Number of protein chains: 2
Amino acid sequence: MTAASDPAAHPFDRAVALAAAAPGRWLGLTSEDYWNMVSPFGGVTAAAMMKAMLDHPERRGSPLSFTLNFLAPIEAGEFAIETELVRANRSSQHWAIRLSQQDRVLAQAIAICALRRDTWGLVEAARPDVPPAGRCPPAPPRKASGFLQRYEFRIVHGKPFAENPDSLSQAWVADVPPRPLDFPALTALCDSFLPRIFLRRAEFVPIGTVSINIYFHAGEEALVRHGAAPVLTVAQAQAFSDGHFDHHGHVWSTDGTLLATTQQLVWYKE
Amino acid sequence: MTAASDPAAHPFDRAVALAAAAPGRWLGLTSEDYWNMVSPFGGVTAAAMMKAMLDHPERRGSPLSFTLNFLAPIEAGEFAIETELVRANRSSQHWAIRLSQQDRVLAQAIAICALRRDTWGLVEAARPDVPPAGRCPPAPPRKASGFLQRYEFRIVHGKPFAENPDSLSQAWVADVPPRPLDFPALTALCDSFLPRIFLRRAEFVPIGTVSINIYFHAGEEALVRHGAAPVLTVAQAQAFSDGHFDHHGHVWSTDGTLLATTQQLVWYKE
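What you see is a predicted model, and the numbers here were worked out from it, not measured in a lab.

Undergrad: Hey, could you go over the overall build of chain A for me, with residue numbers and the actual values?
TA: Looking only at helices and strands, chain A has 4 helices and 14 strands in total. Taken against the 2.2 N^0.38 rule, which gives 18 Å for 270 residues, the C-alpha radius of gyration of chain A at 18 Å falls within 12% of a compact globule. With respect to the three principal axes, the spread of C-alpha positions in chain A is 50 × 45 × 40 Å. Summed over all atoms, the accessible surface of chain A reaches about 10700 Å², with 53% contributed by carbon and sulfur. Taking the average place of the 24 positive charges on the side chains of chain A and the average place of its 27 negative ones, the gap between the two points comes to 2 Å.

Undergrad: Tell me about the environment of glycine 134 of chain B, residues and numbers included.
TA: Residues and elements named next belong to chain B. Looking at the element boundaries, glycine 134 is found in the loop between strand E7 (122-123) and strand E8 (151-157). Overall, glycine 134 belongs to the exposed group, its relative accessible area being 73%. Along the backbone, glycine 134 and proline 230 are 96 residues apart, and their C-alpha atoms lie at a distance of 9.5 Å.

Undergrad: I'd like a description of unusual backbone geometry, backed by residues and values.
TA: All names here are of chain A. Of note, the bond from valine 176 into proline 177 is cis; its omega dihedral lies within 30 degrees of zero at -10°. Relative to the helices and strands, proline 177 is located in the loop between strand E9 (169-175) and helix H3 (183-189). A positive phi angle is found at glutamine 102, which is not glycine, with a value near 45°. By the element assignment, glutamine 102 lies in the loop between strand E5 (92-101) and strand E6 (104-114).

Undergrad: Tell me what's going on with the packing of aromatic side chains, and back it up with residues and numbers.
TA: Applying the stated criterion across every chain, the model contains 24 aromatic pairs over all chains. Judged by centre distance (4.2 Å) and plane angle (5°), the rings of phenylalanine 41 of chain A and phenylalanine 147 of chain A are stacked. One end of the pair, phenylalanine 41 of chain A, is in the loop between strand E2 (25-29) and helix H2 (42-55); the other, phenylalanine 147 of chain A, is in the loop between strand E7 (122-123) and strand E8 (151-157), with 106 residues separating them in the sequence. The buried category is assigned to phenylalanine 147 of chain A, whose relative accessible area is 11%. Residues phenylalanine 41 of chain A and tyrosine 151 of chain A carry aromatic rings whose centres are separated by 5.7 Å and whose planes lie at 70° to one another, so their mutual orientation is edge-to-face. Highlighted residues: phenylalanine 41 of chain A in the loop between E2 and H2 and tyrosine 151 of chain A in strand E8, separated in sequence by 110 residues. When its relative accessible area of 4% is taken as the criterion, tyrosine 151 of chain A is described as buried. A network of ring pairs unites the aromatic residues Phe12, Tyr34, Phe41, Phe147, Tyr151 and Phe153 of chain A as a single cluster. Residue placement shows arginine 201 of chain A over the ring face of tryptophan 120 of chain B; its charged tip is 4.7 Å from the ring centre.

Undergrad: Please set out the relation of the copies chain A and chain B residue by residue, giving values where relevant.
TA: With an RMSD of 0.0 Å, the operation that places chain A on chain B is a rotation of 180° combined with a shift of 0.0 Å along the axis. On this basis, the relationship between the two copies can be described by a two-fold rotation axis. Taken together, the interface assignments show that 100% of the residues at the interface of chain A recur at the interface of chain B, consistent with an identical surface on both copies.

Undergrad: Can you lay out the side chain of threonine 83 of chain B for me, pointing to particular residues and giving the numbers?
TA: All names here are of chain B. Within the secondary structure, threonine 83 sits in strand E4 (residues 78-88). Residue classification places threonine 83 among the buried positions, given a relative accessible area of 8%. One polar contact links threonine 83 to tryptophan 26, side chain to side chain, over a distance of 3.1 Å. Ignoring any residue separated from it by four or fewer positions in sequence, one finds threonine 83 in contact with Gly24, Trp26, Ala52, Met53, His56, Trp95, Ala96 and Ile97.

Undergrad: A description of the interface of chain A and chain B should follow, citing residues and the corresponding values.
TA: In this assembly, 65 residues from chain A lie in contact with 65 residues from chain B. With both chains or domains summed, chain A and chain B bury close to 5300 Å², and 53% of this area falls on carbon and sulfur atoms. At the junction of chain A and chain B, the tally comes to 6 salt bridges. For arginine 116 of chain A, the salt bridge identified is with aspartate 242 of chain B, shortest N-O distance 3.5 Å.

The rules behind the values
Residues numbered from 1 in each chain as written. Chains lettered and ligands numbered in written order. Predicted model: local features only at pLDDT ≥ 70, side-chain atom pairs only at ≥ 80, totals over all residues. Heavy atoms only, no water. Helix = DSSP H or I, 4+ residues; strand = E, 2+ residues; numbered from the N terminus. Rg over C-alpha atoms; globule rule 2.2 N^0.38 Å. Areas by Shrake-Rupley, 256 points an atom, 1.4 Å probe, with all protein chains shown as cover. Lys, Arg positive; Asp, Glu negative; His and termini not counted. Charge placed at Lys NZ, Arg CZ, Asp CG, Glu CD. Buried < 20%, exposed > 50% of the residue type's maximum accessible area, 1.4 Å probe, protein only. Phe/Tyr/Trp six-rings, centres within 6.5 Å; stacked < 30°, edge-to-face > 60°. Lys NZ or Arg CZ within 6 Å of the ring centre and 35° of its normal. Least-squares fit on C-alpha atoms with pLDDT ≥ 70 in both. Contact = heavy atoms within 4.5 Å. Polar contact = N/O pair within 3.5 Å; in protein donor to acceptor, adjacent residues only side chain to side chain. Buried area = accessible area lost by both parts, 1.4 Å probe. Salt bridge = Lys/Arg side-chain N within 4 Å of Asp/Glu carboxyl O.

Written out as structure tokens, the structure reads:
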């Protein structure tokens, strides 16, 4: 029995469960638990593509950089992921990853895995001084079904569907039910940010992420140390223009470790 | 005669000149004018890959997102670029681009081109209030040969090779000789930022960019309007850890237009 069919598994593990079909080729199934309006939540698609790379028997080291472009909506049902190890050297690997349905490529990613080395280091980004998650009330789910029910958002700053003076948001976010953090889950959390346009405009506007980029600043140990606690997510847009906006975000561990920085580009209707 | 062999052409145009070898396959030649320590300046490699996509007869719209991972050093001599239009719809195109020498892939990129639409917009990033380029003295070239001679840097903030309290830099940067801005040149300028580690440590440390990501926030008209003036570049690191650091940067036009936001991940030795 795979995680996809194991009713005792966490919904996230069921959603990203993959079956090896051939070397470098994996089959998965979209999940109703992580469904968005017309296709799966982009974060869970990203997580499945990350997981395919992590599951590859030749993978060495941990994720360092991951960029995913969404080409077209994924439909409910089976999908295939192809992982290509384009180049490897002693300390790093370069991957190309594509997700398709009926041989139509719907998402493409490039990624780097690397062995982390103990070096001089310095975190220059400042973690905002916010109350701990336990002192911030969970926001009521914005929808009765779909992926928003799979995350708990404790909003510290940034009221959605309002004309805020800026698009800065700070929120504690956790899987529902709680689940120990790993790279696929962190990848999905990097797409859990509220679309920035909802922080600048009061009315709903159709949107869709077209590109997401993640740099992982901490290794496996930091994720294990973090466990199943909420992560602190901070993001702000730079520009809304010509039908696309961006954001730049940080994901912090409860112990103050900068886990990831991320940016994305989002299409909007008008 | 192609730009590569035209002595009257701008060195940048010679460096990114490509000859069509087959549909979706282009040949280029590395340029001594843009040579870095052991391989070409990453920005000119990125620009050549951008140009291959732009030159493709099926390309529609202008660059929106461009992510390039550097896999291994490029050697002096001929290189091939392959451009694949992975998916196109009415308003956008998704590309995969690879650069190789002797069939070894040395750089891979994914990119999006899109038709820009007139929509509600807002620039949230703030252009720093700095003196105009004409009032900032050009920095003396850091090297007697190579790509650093092909750019003029007028540093406003951020003294290199010093232990600054943060890695923030602000600099006016221009092609030498001046050259009207276009997407390949802007792509290269997005890699012209001083490596952040040189703003936090006084001594030289070996470094190499492994990934660069660019979002283009303005279209062709804004670039034409900008012309050959210097661009204002602003960047800051978020973290230096485990042998890699990042930065997040902005490129502004003289008229205050946000041309691009960019981030990159850089390997460092110790």
